[in-house]
Amino acid sequence: MTRDQKKKMLILMVNMFIAIGSFGIIIPILPAYLISIGQGGKAAGLMLSIFAGAQLIMSPIAGKWADKYGRRVMIIAGVSVLAISMFVFYFSDSIGVLYLSRVIGGIGAALLVPAIFAYVADITSMDQRAKGNSLISASMSLGIVIGPGIGGFLADFGLKMPLLVSAIVGVFAVVFSAFMLKESRVAKVDAPSKKPEPMVKEIAQSVNKPYFIPLVITLVMSFGLMAYESVLGLFVDNQFGASPKDIAIMVTSTGIISVIIQLFAVDRVVRRFGEKAVLSIFLGVAALGFLLSIIAPSYILFFGVTMIIFLATSILRPVLTTLISKLAGEEQGFAMGMNNAYMSIGNVLGPLLAGVLYDVQILYPFMLGLIVLVGTMFLSMKWKSPRATVV
């Protein structure tokens, strides 16, 4: 990458890190905070699903806006809306208003994420695309790792302090982007104005796109990963008597390995084998991880299996984004919006179905993940890419 490309990538990475990290810093205080206002696990689950649901509904529209109005304005708008959601969260103790803050946050994420990945597509060549997307994914993973740690530290100064700091950092991100980020393409403000299509119709239209199969795989991967994560703590506590510290170490370790893989390995692996081969291989690795998680006899071995699963998904995520981007042509914003929408569908359905199955039999969520990943691996192997640029 040139010096200018690296500068732009750094600005994008900072934005993504702040967006993910600012949400992550509230995770350590969320259980105690909900208890303090008379709420519990149901509210925590609903907050996650509401956020993902709002992101799902808004993503296709936001993707089109990124194509029409430009990436920069959508990135700034996304960070601004995320900051507003944190202020709403901080200034209220009403569960209804907290749910509203999650709707606002989901909309902000929908505005931000597709625009950032579309920006990456604008400033990178086909050969650089996997590296650019892996750097953005690494900044997301880093936010997931560092955010909760900062939140735990700030909680010593007051239960709501992480919420206030998150909102203030969001404001700084808005100012930072407004001054530092330049538009990556000519905005299509003179294009005829079209009424936004319903989200369901947008998703139906995506069936005919050349990147439909990667979108389906994105949904399945997000579904499996969120199903796994949503019951992870409950499972290791039930099966192996894991302490909160054990669970925290596991979650942090998986985040660290994701950052390392996305920073240093994804681009090399893709250049060696090609996106399509990498997709099939690591879907198989993830499926193997789910199989081993069913039979792991101890916490240590389950820990190792979890690392394998997150290693695979840390490679799959940027590779899928790269595939979709390469096949999207001029509609990068719409394609990235659909990518975000399909991911959100998985993020909504995964925890809900995993929770229901877990209550029936604690191994059922892992069995379901295994079945859908094996099926998706065979789908990936049979899929023929419509362009020669994807190998």
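Residues numbered from 1 in each chain as written. Predicted model: local features only at pLDDT ≥ 70, side-chain atom pairs only at ≥ 80, totals over all residues. Heavy atoms only, no water.

This brings us to helix α5 (residues 95–123). With 29 residues, α5 ought to run about 42 Å at 1.5 Å a step, and its terminal C-alpha atoms sit 42 Å apart, in line with that. Across the 29 residues that make up α5, a large majority, 22, are buried. (Helix = DSSP H or I, 4+ residues; strand = E, 2+ residues; numbered from the N terminus. Expected span 1.5 Å × (residues − 1). Buried < 20%, exposed > 50% of the residue type's maximum accessible area, 1.4 Å probe, protein only.)

Inspection of every chain in the model, using the stated rule, returns six salt bridges. Here Asp4 and Lys8 are joined by a salt bridge, their closest N and O atoms 3.2 Å apart. Within this pair, Asp4 and its partner Lys8 are both found in helix α1 (residues 3–24), separated by four residues, close to a single helical turn. With a closest N to O distance of 3.3 Å, Lys160 and Asp93 form a salt bridge. (Salt bridge = Lys/Arg side-chain N within 4 Å of Asp/Glu carboxyl O.)

Further remarks concern the confidence of the model for the protein chain. Residues at a pLDDT of 70 or more form 90% of the protein chain, whose mean pLDDT is 82. Taking the mean pLDDT of every element in the protein chain, the minimum, 69, falls on helix α8 (residues 199–205) and the maximum, 92, on helix α12 (residues 275–295). Under a pLDDT of 50 for its full length, residues 187–193 has, in the predicted model, ten contacts with residues more than four places off or in other chains. (pLDDT = per-residue confidence, 0-100. Contact = heavy atoms within 4.5 Å.)

For the rest of this paragraph, the subject is a nonpolar patch on the surface. Residues Val171, Val175, Phe179 and Met180 make up a contiguous nonpolar surface patch of about 380 Å² in total accessible area. Within the secondary structure, Phe179 is located in helix α7 (residues 161–180). (Patch = residues over 30% accessible without salt bridge, like charges linked within 9 Å, V, L, I, M, F, W, Y side chains within 5 Å. Areas by Shrake-Rupley, 256 points an atom, 1.4 Å probe, with all protein chains shown as cover.)

Let's shift gears to the environment of Gly329. Mapped onto the fold, Gly329 is located in the loop between α13 (299–328) and α14 (332–360). Along the primary structure Gly329 and Ile26 are separated by 303 residues, whereas in three dimensions their C-alpha atoms are 38 Å apart.

The subject of this paragraph is the packing of aromatic side chains. Throughout the structure, instances matching the rule amount to eleven aromatic pairs. A centroid spacing of 6.4 Å and a plane angle of 15 degrees characterise the contact between Phe87 and Phe91, whose relative ring orientation is stacked. Owing to a relative accessible area of 63%, Phe91 belongs among the exposed residues under this scheme. Ring geometry for Tyr228 and Phe302: centres 6.1 Å apart, planes at 5 degrees, overall stacked. Highlighted residues: Tyr228 in helix α9 (residues 212–240) and Phe302 in helix α13, separated in sequence by 74 residues. With respect to burial, Tyr228 and Phe302 carry one shared label: buried. Site record: aromatic cluster; members linked through ring pairs are Tyr228, Phe235, Phe240, Phe290, Phe302 and Phe366. (Phe/Tyr/Trp six-rings, centres within 6.5 Å; stacked < 30°, edge-to-face > 60°.)

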